[in-house]
Amino acid sequence: MSERVVIVGGTSGIGLAAAVRLAASGREVVVTGRTPERLERAVKEIGERGSGAVVDARDPEAMRNLFTEVGPVDHVVINVSGRGQAAGPFRSLTPQALRQALEDKLIAHIVAAQAVLPVLRRDGSLTFVSAASADSAMAEVAGLAAVNGAIQAMIPGLAVELAPVRVNAVSPGVVDTEWWDWLGDSRQDALDAFAAATTVGRIGTPADVANAITYLIETGYATGTVMTVDGGVRLKPSAA
């Protein structure tokens, strides 16, 4: 019997790329999203091994109902995120924006992880998707760093508490997804600047991060790990 993987937030970008890769390896993949139309498109792209459910990861009851319906699960990837509410200068970061960012990402990650535990395989895995802003020394990312840093701080303790379930995180740098659409007309200029700050000379693709997620799922000796996939941007001094 093939493994069953649930990707919470799997209808676009990194989550969808991971779903396609994991399904291609023979696994059954269930993706979630909040929009029926996007979910339908994602399931078609994943193919015959894919299925999906419309659910808001911030809703504890909805998440518990989802996993009760899905049944036994081997691996879970949690990839939900907000839309840049906490980005920008620290001086103008509002409590409302920070609360929304925490609700959309940190709280959603925790709610999803708690909901799956009753049906997660004893030696299965949880993989969180944070962001490299947690470890960056760049201007105007303090809010994002706070949210993603909180996720990464959970990983070692959860790996001990939930053992033998393996708990890991992937920490992507700048990846070309629709997350950056909030920048509007300045989007491409920003992505070009980020690419110049890497050592590999480009920004990431969803497939780059999907490869890392697959590695953590398949490597049974990896737990308590935060895997950074940032194109080497952390290796170059910031000009900011």
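In what follows, the structure referred to is the one given above.
What counts and how
Residues numbered from 1 in each chain as written. Predicted model: local features only at pLDDT ≥ 70, side-chain atom pairs only at ≥ 80, totals over all residues. Heavy atoms only, no water. Helix = DSSP H or I, 4+ residues; strand = E, 2+ residues; numbered from the N terminus. Rg over C-alpha atoms; globule rule 2.2 N^0.38 Å. Buried < 20%, exposed > 50% of the residue type's maximum accessible area, 1.4 Å probe, protein only. Contact = heavy atoms within 4.5 Å. Areas by Shrake-Rupley, 256 points an atom, 1.4 Å probe, with all protein chains shown as cover. Axes fitted to C-alpha atoms, helices over the stretch in contact; angles between N-to-C directions. Parallel < 35°, antiparallel > 145°, perpendicular 65-115°, else oblique. Left-handed = near helix turned anticlockwise from the far one by under 90°. Nonpolar A, V, L, I, M, F, W, Y, C, P; charged D, E, K, R; others polar. Pairing = 2+ DSSP bridges. Right-handed = clockwise from strand over helix to strand, strands pointing away. Arc of directions from axis to C-beta. Salt bridge = Lys/Arg side-chain N within 4 Å of Asp/Glu carboxyl O. Core = buried A, V, L, I, M, F, W, Y, C linked by side-chain atoms within 4.5 Å.

A. Structural context of the overall build of the protein chain. Within the protein chain, the secondary structure is distributed over seven helices and seven strands. If you list the helices and strands of the protein chain from N to C, you get β-α-β-α-β-α-β-α-β-α-β-α-α-β. Whereas a compact globule of 240 residues would reach a radius of gyration of roughly 18 Å, the protein chain reaches 17 Å, a difference of no more than 12%. Taken over the C-alpha atoms alone, the protein chain extends approximately 50 × 35 × 35 Å along its principal axes. Here the protein chain holds 240 residues, and the buried ones make up 47% of them. Restricting to contacts in the protein chain with at least 6 residues of sequence separation, those with at least 24 account for 69%. Accessible area for the protein chain stands at about 11600 Å²; split by element, carbon and sulfur atoms hold 54% of it.

B. Looking closely at the packing of helix α4 (residues 95–116) against helix α5 (residues 142–161). Between α4 and α5, the least distance of the axes is 10 Å, while the angle of their chain directions is 20°. One element, α4, and the other, α5, form an angle in the roughly parallel class. Taken as a pair, α4 and α5 cross one another with a handedness that is right-handed. Facing Leu98, Ala101, Leu102, Lys105, Leu106, His109 and Ile110 of α4, the residues of α5 in contact are Gly143, Val147, Asn148, Ala150, Ile151 and Met154. Tallied by class, residues from the contact of α4 with α5 come to nine nonpolar, three polar and one charged.

C. Layout of the sheet that holds strand β1 (residues 4–8). With parallel pairing, the seven strands of this open sheet are ordered in space as β3-β2-β1-β4-β5-β6-β7. Strand pairing shows two members of the sheet lacking a second neighbour, β3 (50–54) and β7 (225–229), which therefore form its edges. When the angles between neighbouring strand axes are averaged without regard to direction, this sheet yields 20°. In this structure, strand β6 (residues 166–172) lies alongside β7, joined through five bridges in parallel fashion.

D. How the structure looks around the pairing of β3. Bridging between strand β2 (residues 28–33) and β3 involves five bridges; their strand directions are parallel. Opposite Thr32, over in β3, you have Ala53 as the bridge partner. In this fold, the crossover linking β2 to β3 by way of helix α2 (residues 36–46) has right-handed handedness.

E. Looking closely at helix α6 (residues 187–196). Of the positions making up α6, those classed as buried are Arg187, Ala190, Leu191 and Ala195. Across the axial projection of α6, the buried residues extend over an arc of 140°, all falling on one side. Of the residues in α6, the exposed ones pointing more than 90 degrees away from the buried face are Asp189 and Ala196.

F. The arrangement of the pattern of salt bridges in detail. If you walk through the whole model with that rule in mind, you get 12 salt bridges. Between Lys44 and Glu40 there is a salt bridge; the shortest N-O distance is 3.8 Å. Of this pair, Lys44 and Glu40 both sit in helix α2, four residues apart, which is roughly one turn of that helix. Classification of Lys44 by relative accessible area gives exposed; the value is 62%. One salt bridge connects Arg58 with Asp56, and the closest N-O pair in it is separated by 2.9 Å. In this structure Arg58 comes out as partly exposed when scored by relative accessible area, which is 23%. With relative accessibility at 25%, the residue Asp56 sits in the partly exposed group. Connected through salt bridges with shared partners, the residues Glu3, Arg27, Asp74, Arg121, Asp123 and Glu218 form a single ionic network.

G. Geometry of the nonpolar core. Ranked by internal contacts, the top residues of the largest apolar core, which has 42 residues, are Val8, Met63, Phe67, Val76, Leu126, Phe128 and Val167. Contributions of two or more residues to this core are made by β1, α3 (60–70), β4 (73–78), α4, β5 (120–129), α5, β6 and α6. With eight residues, α4 is the largest single contributor of residues to this core. In this structure Met63 touches Val8, Val55, Asp56, Ala57, Val111, Ala112 and Ala115, once residues within four positions along its chain are discounted. If you look at the next biggest cluster of nonpolar residues, it comprises 25 residues, including Ile7, Leu16, Val29 and Val170.

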